[in-house]
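# Working through the structure, step by step
Residue-level listing of the chains:
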Amino acid sequence: MDYNALLLTATDLGYRLMTSGAEIYRVEESITRVLRAYHAQESEVFAIYNSIFVSCVAPDGTPVSYIRRVGGHGTDLTKMEQYNDLCRQICRDAPPLDQVRTRMDEIAAGKTYSQRVLLAAYFLGAWAFTLFFQGTFWDSVCGGICGMAIFGCVRRLDRVHTNPFFQNIIASAASALLALLLVQAGLGVNSDRIIIGAFMTLTPGIALTNTMRDIMAGDLVAGVSKLAEALLTATAIALGTGVALALLQLLGGGGP
């Protein structure tokens, strides 16, 4: 058994789980179980949301370790489920590592949602949340339009590798400004409900949920770091809204 290859494969599986939106405890447990399936001794795993540290001891007593940096990522529950199934298969059958890596590559190359589908999802999400916050029908239409504006801003800024904090500021400012203009044009009625409904597409709901689950599972470092990220996202949204309101007042358009 090539324990360097084993450690690389196990860490890569954990990395792919994390970039699919998995919680910290899921990532650590999956890597640990994979190492145990191949009889690695004294395996240790420590993960936070931007790094994975893995080590084990080969049968000859040689320590082996590996560190993987994790960049920004979103959530793909379909792929996370597939990686989970692969982990269960590894624990059950311990297949050759080359087969495991082939399967991981197949999952990574699997079907993803097109830009049109994602754009429609942003529209429908903002539309539904605007109705949820008691906006009128036309308010919900405006909310959907603002949701599409958020999608366009985030995608374009992503292509030039803009910092997520500034992405949220720009996207929220553009969405809030558009909501105010749509109300002034007579299409919408309640600009505040339109803005709130559209901003729900930026709210880190899954991140906050995973944060609480990690804290309750005892992963305090990971939980607190993710909580700080969620709070920064909320701050960026507030700053973007303030910029839009200030800009409209300077132009003499008033506020909500």
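In what follows, the structure referred to is the one given above.
Just so you know, these numbers come straight off a predicted model, no measurement behind them.

Let us now look at the overall build of the protein chain. Secondary structure summary: the protein chain contains ten helices and three strands in total. Principal axes of the C-alpha set define a box for the protein chain whose edges measure 75 × 35 × 30 Å. Of all 256 residues assigned to the protein chain, the portion counted as buried reaches 41%. Counted over contacts in the protein chain with a minimum sequence separation of 6, partners at least 24 positions apart contribute 66%. Carbon and sulfur atoms form 60% of the exposed surface of the protein chain, whose accessible area is close to 13600 Å². Between the mean site of the 19 positive side-chain charges and the mean site of the 21 negative ones, the protein chain shows a separation of 8 Å.

The next thing to look at is the sheet that holds strand β1 (residues 41–48). Here we have three strands laid out as an open sheet, ordered β1-β2-β3, and antiparallel in their pairing. This sheet does not close on itself; its edge strands, each paired only once, are β1 and β3 (63–69). For this sheet, the mean inter-axis angle between neighbouring strands, taken without regard to orientation, is 10°. Looking at chain direction, β1 and strand β2 (residues 51–57) are connected through six bridges and run antiparallel. Its bridge partner lying in β2, Phe46 is registered against Phe53. Packing against the sheet, helix α1 (residues 3–19) makes contact with β1, β2 and β3, and its axis sits at approximately 30° to β3.

Reading guide: rules and limits
Residues numbered from 1 in each chain as written. Predicted model: local features only at pLDDT ≥ 70, side-chain atom pairs only at ≥ 80, totals over all residues. Heavy atoms only, no water. Helix = DSSP H or I, 4+ residues; strand = E, 2+ residues; numbered from the N terminus. Buried < 20%, exposed > 50% of the residue type's maximum accessible area, 1.4 Å probe, protein only. Contact = heavy atoms within 4.5 Å. Areas by Shrake-Rupley, 256 points an atom, 1.4 Å probe, with all protein chains shown as cover. Lys, Arg positive; Asp, Glu negative; His and termini not counted. Charge placed at Lys NZ, Arg CZ, Asp CG, Glu CD. Pairing = 2+ DSSP bridges. Axes fitted to C-alpha atoms, helices over the stretch in contact; angles between N-to-C directions.

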